[in-house]
Structures are given as structure tokens and as C-alpha cells.
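Chain residues, written in single-letter form:
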Amino acid sequence: MKLHELTIHEAHELLKQKKISSSELTKAVLDQIEAVDEKVGAYISIFEENAMKQAGEADKAISRGEIQPLTGIPMAIKDLICTKGLRTTCASKILENFIPPYDATVMKKLNKAGAVTVGKVNMDEFAMGSSTENSGLKLTCNPWDLARIPGGSSGGSAASVAADMCIGSLGSDTGGSIRQPASHCGVVGMKPTYGRVSRYGLVAFASSLDQIGPLAKDVTDGALILNTISGYDPSDSTSVPEDVPDFTAFLKKDLKGITVGLPKEYHSSEGLHPDVAASIKNAVNTIQSLGAELVEISLPHTRYAVAAYYVIAPCEASSNLARYDGVRYGFRDKDSNDLIQMYRNAKSKGFGTEVQRRIILGTYALSAGYYDAYYGKASQVRTLIMEDFKNAFQTCDVLLSPVTPSPAFKIGENADDPLTMYLSDIFTLSANLAGIPGISVPCGFSENGLPIGLQLMGRHFNEEMLIKVAYNFEQATDFHKKKPNL
Amino acid sequence: MYSVMLLRKQDSFLLPTYPVWEFFMTITKDEIIHVANLARLEINEASLDKFADQIDEILEYINTLNQVDTSKVQGTSHAIALTNSFREDRVKEHLENSQALSNAPEKEDGAFVVPKIVGR
């Protein structure tokens, strides 16, 4: 038995029965990182000593009979979630040496649950990107084909889960940044409803869109992580005081009485890769054969989602990233002899190209004379996109679609063409604009062996419906059991 | 692949080449420099052309929003609208001075140090 290949629920059973220890499990994960991360490049920081210490504490807790579902489970954390005393870079030169003096709320919850933080994983700088190529620190490759991107921005999270360099991971999703890399790496990724999980201690990109969520080896693990990190937090004024159900209660085989909507704008999209179209078609048949009813629905404003998103997200980013001024934390150029030059040097030398591009785009769209034409207009279109979903959910319980138009592209293929890169987010970013939950589950492979994901989206605070449908699909297929050859 | 939906200058041999094209641009190089200055960014001369082209192309695409009639639509700034998210005003766990300063590039006597801004 290879310990690093275990899922959370499998490892939990063995830990509970004391057949393995968290120290053994954590060591196995660290050995796997040692063996394959030179090729994959998922980790920015590995906290070996700290991880083994946490594992030892978990083992002590287990021996006292204190075990929760994540106790002793080695986790990889996207490097924009603050970890007290442990470097958090946001994959940016501007935060390269930042050591948070506090834990994000999700880290407090993971620590309280006894989880082990193995290290911090790569991402597009400040989560801006769809390929992890915008990392200011390193390159991450897709474990299924090292010449290809792992997706992004949570590319390190998805790659580390796919390559068994952790048992589970936390990522963040602003326009598809959990679901898209999960799809490209053949793992499960879930963006919860906006406000379900506290953003306190998550480095802000676009505050009205950002949400932390799990990347995992199967749907059950996703539900277990979500159980641990969800809930209202007074430290995040946008977290919502909604009751959190036990998501594992919805891991039941039955799709009778559930109506699955197929948004025609997503399924008939011209740019859909034939292998993706074929996998999705098979998935629809599987879901139907499991007893769900299918209904075609329309989301008429889908074609404007990319444009609205690429106004709103850069506007919020330009405001959020103003804080990196080289005064309280972050990079400061020593050759700055006046204050304005100090700001200029910190930002120009600290931020990468894509981050600078989005700051300029956002600053322009918010500047005097342009606010109504850009931000105002985009926020109105956002309302229409939300209404599309509201109408759709009157006739169905869950929406089924592709996650991305094509499987993972080659490293460098779109690097100099930001607009084409933005357009690849077409199927995922509407969920962020509307604040609804979405999940990506493995649903097939392309002809050349690249994973393809299936997206399900649901009503606000109805993650349980996504978990139920995704679990039923997963149990009827074996795509999630395949592993890359490394 | 979605670029088929767009009119992109590199795709179209019918359109006049630069610099005539700039007449049709949504944003000019001077505007980019101005906006960069507002955001305290310095764009170096070498990358300015490419940057301006890319941002212009993005803005052109964004202008498709004008096809949507939004005259009777309220804007949305947050998908889950919460009003008055108050909490009790109580002293709770907080950072000590030394912790707050722990990442400061330069500090002295419990304060952040910046270049001199007065008396020059």
C-alpha cells in the first residue's frame, strides 16, 4: 500500500484503526514530494520540520482517542492563504519574504481539526491567470503531461493532489481558479457559495468574487474538507450566517427526482474541443441513466460574462493591490529616495506583467469619466447574469456543463495573448459573478490522455446538491481512480 | 478559439496598419502612461507598445457589453447582499506592535520608516 496515494477518508479509517500513523503518512507524502516535485514543481515552500511536528501531535491526539476527519491528514495550501509564521508569497516577488503574523480563519480551522500543513503550493501571481504560468517564482507542470500547464490559478494545488504530493489541498476560486485546474489535472475541485467560507487571511484579489475551497482526490474528500472550513466568521464581514449542513450526509446513491439543466449556450459553444464535447455527452448519458431528469435551459447573457468579469475583477484588484506600497510589508527598493519613487519602484519591480496589466485595466475603468461606462455597465450586466441563473434554477436543481473549452494547453502556447487566455474562462466565471457554488469532477480523458472535467453549478448555499450529483456520477465511473505516470 | 467572435487587428488584413490604427484605439499610449502613473506603476518604453495593444484589444472586447440594454437594470456589487454586517466593539486578540512591524522593510522605535517627506 502506497500511503501517499490514499484519499482522506481511506487514510482516516487507517488512522482511526491505528494501522498507520500520521507520522508515517506525512513522511510518505514528503518522500513523494522529494521524488516527483522536481519534475512537477507544485511546491513553493515545504515545511518538513513543522509538518512532522504537527503529525506527531496528531498521533498523540489519536492515541487519546481524539480524531476528527482531517486529523493527521497532510494538506497542501495555496500560497495566498496566510499561515502564521510560515512564508506566504502569493507567488509574487513583492511578497517573496512575507511571513504572516496570523493565521487565516481556514488555517485556524484546519489546525484545530488536527490537519498537517505540508507546504505552500504554486499559483498564478495574486491568483491572476488560468495556467500558473504567471507565477513570479516558478513553473508548475501538469502531472499528466509535463509539457502542459496544470491550469490556474490554483495550479500547484491541483498538481499536488494529482501527483499524490498531498492528501488534500485548499485553493481559491475567483473566476474558475479551483474548478479549471482541477479539471486539467483530473481531480475534484469545489468553489463554495460566496460567503460560505471565511476569506479572513486570504490575500485579496477581487473581494466580491474570491472564495476558498477544496481540491481533493474524490468527492467524499471534498465534502470532508468543506465540512471543516465552512461557516460564518465575524472577522469576514462578507461571510454569511447560514447554517452549515454535514455535507457527507449527501454522499448517497440516488438521483431520482433531481432535474439537471443543460445550458445550451455552454453545450453548443463553437469553440468546444471535440474530446471535451464527447466526454460531456457521455457524462450526460451517465447522469440520465442514474435516474436524473434532463432539461435544456438557457443562460442568455453567457456571452457577456467574460467582458463583465474582466472589468469587475481588475477594478477590485486595482483597489486591493494598492496596499503594496513597500511600507508595512513586502518588497522595497533600497534606491528609493522619495516616497512616490518608493511606491513606484516597489510596484513596478515587485509585480509581474499580468498583475500590472490588470491594475492598469482596473485603474482605467474606475478613473474619472470611465466609471459608468465600464464598472457601472459591467455591474448591471452582472445583475442580468445572476437573473439568468435564478430563472434557470426555477426549472432545474443543478446545471451541468464543461469546465473548460479544451483540455490543458501547452506551456507557452497562450503566454503572450492575454485575451485568448481570458476567454478560456468562459464556463467558470459566471458562477463567481453570481456567487453560486460550482464543482469540477473528472469525466473523461482526451485522445492524448489529458483529463477532462465536468462542471456542476447549483443554487446559493446548495453545495449539498452538487455533492450528491457529483458523488453519484463519480461512483458510476472510474475516471477519478486513474493516476498520472510520473 | 473564441477569438473567432472578435474582430482582432492581427486577424484582419483589411484594416489600416499602425499608426493609422491608433486613431481607432479605445486607449492610447499616453492614456496608458497616465493611468499607470495614477496606479504608481512605471511602464518601460520597450514594453509600452505591446502593453497598449493588448489592453486596447481587451477594452475593445469589453465594449461588447454595450450591446446589452441595461437602461432598467440595477448594478450588483456583491452577489450575496448583506446589509449592516456589524459586530460588537470589543477588544479581542490582536497583533502586538512587534508583530505588526515584523515584515516592515525598515523600522525604528516601534514605527514604520519611510523616506523623508517634509522639510526638503
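Residues numbered from 1 in each chain as written. Chains lettered and ligands numbered in written order. Predicted model: local features only at pLDDT ≥ 70, side-chain atom pairs only at ≥ 80, totals over all residues. Heavy atoms only, no water.

Enquirer: Teacher, can you tell me more about helix α4 (residues 105-112) of chain A here?
Expert: Residues and elements named next belong to chain A. By the burial criterion, the buried members of α4 are Thr105, Val106, Met107 and Leu110. Buried residues belonging to α4 abut β2 (74-78), β3 (116-121), β4 (168-173), β6 (211-216) and α7 (219-229). Downstream of α4 by a residue or two, glycine 114 has a phi angle that is positive, lying close to 85°. (Buried < 20%, exposed > 50% of the residue type's maximum accessible area, 1.4 Å probe, protein only. Helix = DSSP H or I, 4+ residues; strand = E, 2+ residues; numbered from the N terminus. Contact = heavy atoms within 4.5 Å.)

Enquirer: Sorry, what's going on with the environment of aspartate 388 of chain A here?
Expert: All names here are of chain A. The residue aspartate 388 is located in helix α13 (residues 372-392) in this model. For aspartate 388, a relative accessible area of 6% translates into the label buried. Along the sequence, aspartate 388 and isoleucine 297 sit 91 residues apart, while their C-alpha atoms lie 9.8 Å from each other. Sequence-distant contacts of aspartate 388, that is, excluding residues within four places in its chain, are made with Leu299, Pro300, His301 and Thr302.

Enquirer: What is the right way to look at the packing of aromatic side chains in this model?
Expert: To describe a pair of aromatic rings, one takes the distance between the centres and the angle between the planes. Residues and elements named next belong to chain A. Inspection of every chain in the model, using the stated rule, returns 16 aromatic pairs over all chains. Each ring, one from tyrosine 364 and one from tyrosine 370, has its centre 4.5 Å from the other, and the planes form 35°; the classification is tilted. Given a relative accessible area of 27%, tyrosine 370 falls into the partly exposed group. Within the aromatic cluster, the residues linked to one another by ring pairs are Phe98, Phe126, Tyr324, Tyr329 and Phe351. (Phe/Tyr/Trp six-rings, centres within 6.5 Å; stacked < 30°, edge-to-face > 60°.)

Enquirer: Could you clarify how one ought to interpret the interface of chain B and chain A in this entry?
Expert: It is common to give the size of an interface as the accessible area lost on bringing the parts into contact. Each side of the interface is counted separately: chain B has 62 residues, and chain A has 84 residues. Both sides together, the interface formed by chain B and chain A hides about 6,100 Å², and carbon and sulfur atoms give 64% of it. Between chain B and chain A we count two salt bridges in total. Here chain B and chain A share 24 residue pairs in polar contact (both at pLDDT 80 or more) between them. (Buried area = accessible area lost by both parts, 1.4 Å probe. Salt bridge = Lys/Arg side-chain N within 4 Å of Asp/Glu carboxyl O. Polar contact = N/O pair within 3.5 Å; in protein donor to acceptor, adjacent residues only side chain to side chain.)

Enquirer: Any chance you could explain the pairing of β6 of chain A here in plain terms?
Expert: Residues in a regular strand project their side chains so that they alternate between the two faces of the sheet. Residues and elements named next belong to chain A. β6 sits mainly inside the fold: six of its six residues count as buried. Across six bridges, the pairing between β4 and β6 is antiparallel. In the strand pairing of β6, leucine 170 is matched with proline 214. Alignment of strand β5 (residues 188-191) against β6, held across two bridges, turns out to be antiparallel. Bridging across to β6, valine 188 finds its partner in alanine 216. (Pairing = 2+ DSSP bridges.)

Enquirer: Sorry if this is basic, but what is going on with the pattern of salt bridges here?
Expert: Two side chains that carry opposite charge are able to pair once their charged atoms sit near each other. Residues and elements named next belong to chain A. For the structure on display, the rule yields 20 salt bridges over all chains. Of the charged contacts, one joins arginine 199 and aspartate 236 as a salt bridge, the two residues approaching to 3.9 Å between their closest N and O atoms. Here arginine 199, found in the loop between β5 and β6, pairs with aspartate 236, found in the loop between α7 and β7 (259-263); they are 37 residues apart in sequence, far enough to count as distant. Between aspartate 478 and lysine 482 there is a salt bridge; the shortest N-O distance is 4.0 Å. What makes aspartate 478 partly exposed here is its relative accessible area of 41%. For lysine 482, a relative accessible area of 43% gives the class partly exposed. Among the ionic contacts, a cluster of salt bridges with common partners joins Asp164, Lys217 and Lys483.

Enquirer: Whenever I open this one, the side chain of glutamate 464 of chain A confuses me. Can you help?
Expert: All names here are of chain A. Structurally, glutamate 464 can be placed in helix α16 (residues 463-476). For the buried glutamate 464, no salt bridge exists, and the shortest N-O distance to an oppositely charged side chain is 4.5 Å, to arginine 196. For glutamate 464, the contacting residues outside a window of four places in its chain are Arg196, Pro245, Phe247 and Phe250. (Lys, Arg positive; Asp, Glu negative; His and termini not counted.)

Enquirer: Looking at this structure, I do not really get the environment of alanine 365 of chain A. What am I missing?
Expert: All names here are of chain A. Tracing the chain through its elements places alanine 365 in helix α12 (residues 353-366). Through-space distance from the C-alpha of alanine 365 to that of aspartate 243 is 38 Å; in sequence the pair is 122 residues apart. Here alanine 365 is in contact with Val311, Cys315, Tyr370, Tyr371, Tyr374 and Tyr375, once residues within four sequence places are set aside.

Enquirer: For this particular structure, what's the right way to read the confidence of the model for chain B?
Expert: Caution applies to low-pLDDT parts of the model: their predicted coordinates are not meant to be read in detail. All names here are of chain B. Across chain B, the average pLDDT comes to 82, with 79% of residues at 70 or higher. Low confidence marks residues 1-21, where pLDDT is under 50. Its contacts with residues over four positions away, or in another chain, come to 36 contacts. In the predicted assembly, ipTM is 0.91 and pTM is 0.95. (pLDDT = per-residue confidence, 0-100.)

Enquirer: Got a minute to help me understand the sheet that holds strand β10 (residues 438-445) of chain A in this structure?
Expert: Adjacent strands of a sheet pair through backbone hydrogen bonds, lying either parallel or antiparallel. All names here are of chain A. With mixed pairing, the eleven strands of this open sheet are ordered in space as β1-β3-β2-β4-β6-β5-β10-β11-β9-β7-β8. Among the strands making up the open sheet, the edge pair consists of β1 (43-46) and β8 (293-297). The average undirected angle you get between the axes of adjacent strands in this sheet is 30°. Where strand β9 (residues 398-402) meets strand β11 (residues 451-458), five bridges bridge the pair, whose relative direction is antiparallel. Bridge pairing in β11 links serine 401 to glutamine 455. (Axes fitted to C-alpha atoms, helices over the stretch in contact; angles between N-to-C directions.)

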